[in-house]
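Residues per chain are reported as follows:
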Number of protein chains: 2
Amino acid sequence: MKAKLILEYRGDDYCGFQNQPGLSTVQGELENALKILFSGEYKKSGKLDPITVSVSGSGRTDSGVHALAQVVSFIMPADLEIPPTRLQSALNGILPPGIAIRSTTFLDDNFDARRSANDKCYRYNILLRKTKPVLDFNRAWCVSPKIDIGSMIKAAQLFVGEHDFENFHALDTDVKTSVRIISRSELCRISQCELQYFVCGQGFLKQMVRRIVGALVAVGEGKLTPSDVHDLLTLNKSRAQLHIETAPAYGLYLKEVFYT
Amino acid sequence: MKAKLILEYRGDDYCGFQNQPGLSTVQGELENALKILFSGEYKKSGKLDPITVSVSGSGRTDSGVHALAQVVSFIMPADLEIPPTRLQSALNGILPPGIAIRSTTFLDDNFDARRSANDKCYRYNILLRKTKPVLDFNRAWCVSPKIDIGSMIKAAQLFVGEHDFENFHALDTDVKTSVRIISRSELCRISQCELQYFVCGQGFLKQMVRRIVGALVAVGEGKLTPSDVHDLLTLNKSRAQLHIETAPAYGLYLKEVFYT
């Protein structure tokens, strides 16, 4: 039996999702909390404690990136009887303040948070303000209120469909192909001083969303035109010819992971 | 000449607005930043430094209470020529990350942030969720999603008008009268899992907004009826007869201060 957990976390508290030796990561904190919980349960029943739990996440998130609903799965030890509600409340008691389990379900062994995932949706928060963020510190990217939002909305639409995102990922990655399919790419004005960008697709390259957002803000600031973005997407122009800033990690949220 | 500053701050970083010996307060941090800035200016012009600046705030906020737009004023030293934009950017550079100046204007000597203030508006954020808040940690009060929002909306309306708020303030205060006039008291559903309560009036007693919110949540949880709230407002029932929890400080925001 597999346990499926939906997690919320503050990215600025951790060095990314994935385990890294000597660093505090979301995966590390969760595996540690599971070890504490399960060891306690084994102790109660007088059994030996063979437990080291490995969790599988729907995907990595970089250091600083938040999650509203990251999905992880792991094999539930067959000899432990813990109902999902108690598993959730016990874990929330053990986990540090930056991570919370929002939902817990038990599924059959075929489920795997990473392999079974279909689309993923991300949200990026942009604040239009001149002064440093205070209440939204580490929660949004602050850009000039004078930005041209109409052009950004148009440019955002260009990303929908199948494209080679060669110009829109971190260079330190080794991937077979940089072709990806985007099903939604939409910039929304939430209020006078807040924009949210939504992007959904089956898979994303490293820093891809942050480079898309960097390109959109460059369009809003007049540093790039929507036509430049088109050229970068069709590989008529390279990243050496047209500079894109990578938007900061702290504005990005893993919003939802879809499973069939 | 008076300077009028509009401030945003994170309440959880400070022990309230007002100066307290040995503690970090918003007023203390701001007066310290002004002292650093003005001393530097005097030094540049070779003058002696007689500067200790006292700022006047529109009102106190308790420890933990945030501000979106607190207003403060102080006398600008007559012999310093600093334009408002430079005053603002210099102060934002000196102030700690939990405080930002959003606007700076110079007004005549009659202006005083406290005495000249008319209405003040507060907002209180409530999240409907079972698990601990993570991204909204110290920014909202989390209550059960099973709460009866319709009854809370009705109860909120009862506070509009002139009432004796004897049952709705902290007992450790010494005030001439607990009669206050509320011009707006409205609970709004912002999304599936977020409520915001807005309250405006000329003056508020210590912890008054937090006790109003405590009463509204008690109504939502079925612990009080709107009729009980009416009895508490008309003094037909006392706080000894009907218990109200004081809502936590970290959900409260000073939203706006109005001047004629």
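Calculation rules
Residues numbered from 1 in each chain as written. Chains lettered and ligands numbered in written order. Predicted model: local features only at pLDDT ≥ 70, side-chain atom pairs only at ≥ 80, totals over all residues. Heavy atoms only, no water. Helix = DSSP H or I, 4+ residues; strand = E, 2+ residues; numbered from the N terminus. Rg over C-alpha atoms; globule rule 2.2 N^0.38 Å. Buried < 20%, exposed > 50% of the residue type's maximum accessible area, 1.4 Å probe, protein only. Polar contact = N/O pair within 3.5 Å; in protein donor to acceptor, adjacent residues only side chain to side chain. Contact = heavy atoms within 4.5 Å. Domains from an automatic or database assignment. Buried area = accessible area lost by both parts, 1.4 Å probe. Salt bridge = Lys/Arg side-chain N within 4 Å of Asp/Glu carboxyl O. Arc of directions from axis to C-beta. Least-squares fit on C-alpha atoms with pLDDT ≥ 70 in both. Pairing = 2+ DSSP bridges.

## Digging into the overall build of chain A
Point 1. Helix and strand counts for chain A stand at 5 helices and 10 strands.
Point 2. Here the C-alpha radius of gyration of chain A, 20 Å, is about what a compact globule of 260 residues would show, namely 18 Å.
Point 3. For chain A, the spread of C-alpha atoms along the three principal axes comes to 65 × 40 × 30 Å.
Point 4. Split into buried and exposed, the 260 residues of chain A put 53% on the buried side.

## Things to note about the side chain of B:Thr104
Residue and element names in this part refer to chain B.
Point 1. Of note, threonine 104 is situated in strand β4 (residues 99-107).
Point 2. At 2.9 Å, the side chain of threonine 104 and the side chain of glutamine 88 are in polar contact.
Point 3. Those residues in contact with threonine 104 that lie beyond four places of it in its chain are Lys4, Leu5, Pro84, Leu87 and Gln88.

## Digging into the domain arrangement of chain A
All names here are of chain A.
Point 1. Here chain A is described as being made up of domain 1 (2-107) and domain 2 (118-259).
Point 2. Between the C-alpha centres of domain 1 and domain 2 there is a distance of 30 Å.
Point 3. When the two sides are added together, the surface that domain 1 and domain 2 hide from each other amounts to roughly 1,300 Å², 57% of it contributed by carbon and sulfur.
Point 4. Linking domain 1 with domain 2 are 2 salt bridges, by the criterion used here.
Point 5. Among the salt bridges present, the one from arginine 210 reaches aspartate 62, with a minimum N-O distance of 3.5 Å.
Point 6. The interface formed by domain 1 and domain 2 contains 9 residue pairs in polar contact (both at pLDDT 80 or more).
Point 7. It is strand β3 (residues 66-75) that contributes the most residues to the side of domain 1 that touches domain 2, 6 residues altogether.

## A few points about helix α3 (residues 149-157) of chain A
Residue and element names in this part refer to chain A.
Point 1. Within α3, the full set of buried residues consists of Ile149, Ser151, Met152, Ala155 and Ala156. The buried residues of α3 occupy an angular sector of 155 degrees when the element is viewed end-on, so they sit on one face. Away from its buried face by more than 90 degrees, α3 exposes Lys154 and Gln157.
Point 2. The inward-facing, buried residues of α3 contact β5 (117-128), β8 (179-191), β9 (194-201), α4 (208-220) and α5 (226-233).
Point 3. Between a side-chain oxygen at the N-terminus of α3 and the backbone nitrogen of glycine 150 the separation is 3.2 Å; the capping residue is aspartate 148.

## Description of the relation of the copies chain B and chain A
Point 1. With an axial shift of 0.0 Å and an RMSD of 0.0 Å, the rotation relating chain B to chain A amounts to 180 degrees. Seen this way, the second copy is the image of the first under a two-fold rotation axis. For chain B, the smallest separation between a C-alpha atom and the rotation axis is recorded for B:Asp136, amounting to 4.9 Å.
Point 2. Of the residues that chain B buries at the interface, 100% are likewise interface residues in chain A, meaning the two copies contact each other through the same surface.

## Thoughts on the pairing of strand β10 (residues 252-259) of chain A
All names here are of chain A.
Point 1. Relative to β10, β3 runs parallel, the two being bridged by 2 bridges. Paired with alanine 67 across the two strands is leucine 254, which belongs to β10.
Point 2. Note that β5 and β10 share 6 bridges and pair antiparallel. Considered in β10, the bridge of lysine 120 is made with valine 257.

## Details of unusual backbone geometry
Residues and elements named next belong to chain A.
Point 1. One non-glycine residue, glutamine 207, lies in positive phi territory at about 60 degrees.
Point 2. Within the secondary structure layout, glutamine 207 lies in the loop between β9 and α4.
Point 3. Relative accessible area serves as the criterion here: at 23%, glutamine 207 is assigned to the partly exposed category.

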